[in-house]
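# Coordinate analysis (summary)
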Amino acid sequence: MSDSNPDSFYRTAPTILVMVFFLLGASCTELKVPPVVAQGFLISPPEEGPSVSIQWTGEGLDDSEWIRSYTNYRVFFDDLENTTGSIRDLLEPGILQSIHRSEMRLAANTSATEMNRELFQKYGTGSADCTLKIEIQEKSLSYFPRREFIQTPGGIRPGHIVTYFEYSYCLNDRCKNYKIERTIRTHTDEAAARLETEAGLVLKQMQSDAYDFLSSSTECQK
């Protein structure tokens, strides 16, 4: 026999309504962040010059989930997922570009991620004359939507994308620290595109800093 008690209906209706909203409102957007330098645009290494090996330190450098969205409390929410690669995947070609532009070469047998292994094998040559140490202490790129009384797919009020990176480059005993810190406003329906753009800008800045650091170096001699 079915339960015709109206009190039972009113007790279960909110739960059913929330489940319906969840099923209708949930989605997943794949973020596409390209490498900071496409392989076809890499400049050739110099014919001569010191060879540099690369050493990475830091937590989660091979984790693709370095871009995050805190949207799980919204009725309508978008589960943003970075499917392109880890920060090391995307930055390694840019570091290689900076080495070549600085009239240096990549040392043979320098380790790389699976994505860049063939690239490093192609350009790696000679034993290392010095080591470029890349340490990433902090890496946070996150979207925080505004909490709203009336939920809509695109959001009524803009949220915030918060970027905070701390990293350093060392060549032998010379080191330099860098920081990227900023907050920008964006609505939910624009968040994915803005996150992709912001991630690209961060990678470009890290590549530019690597080039400035290497090109002003006198520590690495063949």
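Anyway, here's the lowdown on the structure attached to this text. (Residues numbered from 1 in each chain as written. Predicted model: local features only at pLDDT ≥ 70, side-chain atom pairs only at ≥ 80, totals over all residues. Heavy atoms only, no water.)

## Re the pattern of salt bridges
Going through the model one piece at a time under the given rule, you end up with three salt bridges. A salt bridge links Glu92 to Arg88; its shortest N-O distance comes to 2.7 Å. Taken together, the residues Glu92 and Arg88, both in helix H2 (residues 87-101) and four residues apart, mark about one turn of the helix. One salt bridge connects Glu198 with Arg182, and the closest N-O pair in it is separated by 2.6 Å. Pair noted here: Glu198 is in helix H4 (residues 191-215) and Arg182 is in strand S8 (residues 174-186), with a separation of 16 residues, a long-range link. (Salt bridge = Lys/Arg side-chain N within 4 Å of Asp/Glu carboxyl O. Helix = DSSP H or I, 4+ residues; strand = E, 2+ residues; numbered from the N terminus.)

## Focus: the nonpolar core
With 47 residues, the main nonpolar core has Ile95, Leu132, Phe165, Tyr169, Leu171 and Met206 as its most contacted residues. When residues of this core are assigned to their parent elements, the largest contribution, ten residues, is made by H4. Residues in contact with Phe165, not counting those within four places in the same chain, are Trp66, Ile87, Glu138, Lys139, Ser140, Leu141, Tyr178, Lys179, Ile180, Val202 and Met206. (Core = buried A, V, L, I, M, F, W, Y, C linked by side-chain atoms within 4.5 Å. Buried < 20%, exposed > 50% of the residue type's maximum accessible area, 1.4 Å probe, protein only. Contact = heavy atoms within 4.5 Å.)

## Remarks on the pairing of strand S7 (residues 159-171)
Taken residue by residue, a regular strand's side chains alternate between the two faces of the sheet. Across twelve bridges, strand S6 (residues 130-144) lies against S7 in antiparallel orientation. Opposite Leu141, over in S7, you have Thr163 as the bridge partner. Bridging between S7 and S8 involves 13 bridges; their strand directions are antiparallel. Each bridged residue has a counterpart across the sheet, and for Gly159 the counterpart in S8 is Thr186. (Pairing = 2+ DSSP bridges.)

These figures come from the coordinates and say nothing about function on their own.
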